[in-house]
Amino acid sequence: NSSRLAGGDRSHPALASALSRAKDARMPKRTVDAAVTRGGADKAAGGGLEELVYEGTLPGGVGVIVDALSDNKNRTAGEVRATFKKHGGALGAPGSVAWGWSRVAELRPTAPEGGFDEEARDRLFEAAVEAGADDVVDDESDAPAVIADPAAVTAIRDALDAAGFVVEASDRIWVP
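Here the structure is a predicted model, which means the values were calculated and not measured. (Residues numbered from 1 in each chain as written. Predicted model: local features only at pLDDT ≥ 70, side-chain atom pairs only at ≥ 80, totals over all residues. Heavy atoms only, no water.)

Draft legend 1. Representation of the confidence of the model for the protein chain. Averaged over all residues, the pLDDT of the protein chain is 85; the fraction at 70 or higher stands at 89%. Within the protein chain, helix α4 (residues 73-86) carries the highest mean pLDDT (95), whereas helix α1 (residues 2-6) carries the lowest (64). (pLDDT = per-residue confidence, 0-100. Helix = DSSP H or I, 4+ residues; strand = E, 2+ residues; numbered from the N terminus.)

Draft legend 2. Summary view of the pairing of strand β6 (residues 145-148). In β6, alternate side chains face the same way, and those of A145 and I147 on one face and V146 and A148 on the other are all buried. In terms of strand pairing, strand β4 (residues 102-109) meets β6 through 3 bridges, oriented antiparallel. Note that in β6 the partner of A105 across the bridge is A148. Across 3 bridges, the pairing between strand β5 (residues 135-137) and β6 is antiparallel. Looking across to β6, one finds that V137 is bridged to A145. (Buried < 20%, exposed > 50% of the residue type's maximum accessible area, 1.4 Å probe, protein only. Pairing = 2+ DSSP bridges.)

Draft legend 3. Quick peek at the sheet that holds strand β2 (residues 62-70). On the basis of which strands lie adjacent, the open sheet formed by 3 strands has the order β2-β1-β3 and antiparallel pairing. In this open sheet, the two edge strands, each paired with only one partner strand, are β2 and β3 (90-91). Examined bridge by bridge, strand β1 (residues 50-58) and β2 share 9 bridges and lie antiparallel to one another. Its bridge partner lying in β2, V53 is registered against D67.

Draft legend 4. Quick peek at the sheet that holds β4. Taken in spatial order, the 4 strands line up as β5-β6-β4-β7 in an open sheet, and their pairing is antiparallel. A strand with exactly one partner marks an edge of an open sheet, and here the two such strands are β5 and β7 (167-175). In this sheet, neighbouring strand axes are inclined to one another by 25 degrees on average, regardless of whether the strands run parallel or antiparallel. Helix-sheet contacts for helix α5 (residues 118-130) involve β4, β5 and β6, and the interaxial angle to β5 is about 150 degrees. (Axes fitted to C-alpha atoms, helices over the stretch in contact; angles between N-to-C directions. Contact = heavy atoms within 4.5 Å.)

Draft legend 5. Just the environment of A22, in detail. For A22, the location among the structural elements is in helix α2 (residues 13-24). In this structure, A22 is in contact with M27 and V32, ignoring residues within four places of it in sequence.

Draft legend 6. Main features of the pairing of β1. Taking the residues between adjacent antiparallel strands as the criterion, β1 and β2 are bridged by 3 residues, where G60 takes a positive phi near 90 degrees. Direction of pairing for β1 relative to β3: antiparallel, over a ladder of 2 bridges. Note on β3: the bridge partner recorded for G56 is L91.

Draft legend 7. Broad picture of the nonpolar core. In terms of nonpolar packing, the biggest core is built from 18 residues, with L124, V146, I156 and L160 touching the most fellow members. Breaking this core down by element, the ones donating at least two residues are β4, α5, β6 and α6 (153-162). The element contributing the most residues to this core is α5, with 4 residues. What L124 contacts, discounting residues up to four positions off in sequence, is P109, F116, V136, P144, V146, L160 and F165. (Core = buried A, V, L, I, M, F, W, Y, C linked by side-chain atoms within 4.5 Å.)

Draft legend 8. Examining the environment of S96 more closely. Examined against the element boundaries, S96 turns out to sit in the loop between β3 and β4. Counting along the chain gives 40 residues from S96 to G56, while the straight-line C-alpha distance between them is 7.4 Å. At a separation of 2.8 Å, a polar atom in the side chain of S96 contacts the main-chain carbonyl oxygen of A93. (Polar contact = N/O pair within 3.5 Å; in protein donor to acceptor, adjacent residues only side chain to side chain.)

Draft legend 9. Spatial organisation of α6. Every buried residue belonging to α6 is among V153, I156, R157 and L160, and all of these are buried. Down the axis of α6, the buried set is contained in an arc of 100 degrees. They therefore lie on one face. Looking one or two residues past α6, G164 carries a phi angle of roughly 95 degrees, positive in sign. (Arc of directions from axis to C-beta.)

Right, here's the structure in full:
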């Protein structure tokens, strides 16, 4: 689906994220390339998907952001609206919830041999920041998370690989 959304453009953040997850899962390059080509052809044939963002509130004033991928935005809007209504909420206007949030990429590297000791955490921080990361969130209890602009994921992943870290997961997330 990411390939259809991106039209085969590997620099598109959604496709770049999907490609990094495929790489993490050790998918064969030939399989990945075929999927990207197929997705780009689908979009050219009119079968493209749209990435949609809906915002709303639930009882108690809880703000909710819904990311959707659809080939029919009218149908999706109706389904999202009905789901909010079913649970006592309301669909909001664009910007009603997202004004306090930003869309970023989060990369989670695996611990190197010997775990994330002080030296490994320093190497991770230096490699990530030099490659263009915005932040490295480290709560000392788990593996640090690298936060960056979604467009910089490929460069950061390559820099972390060169520094001896393997990125086990990467995704686009909302942060306050």
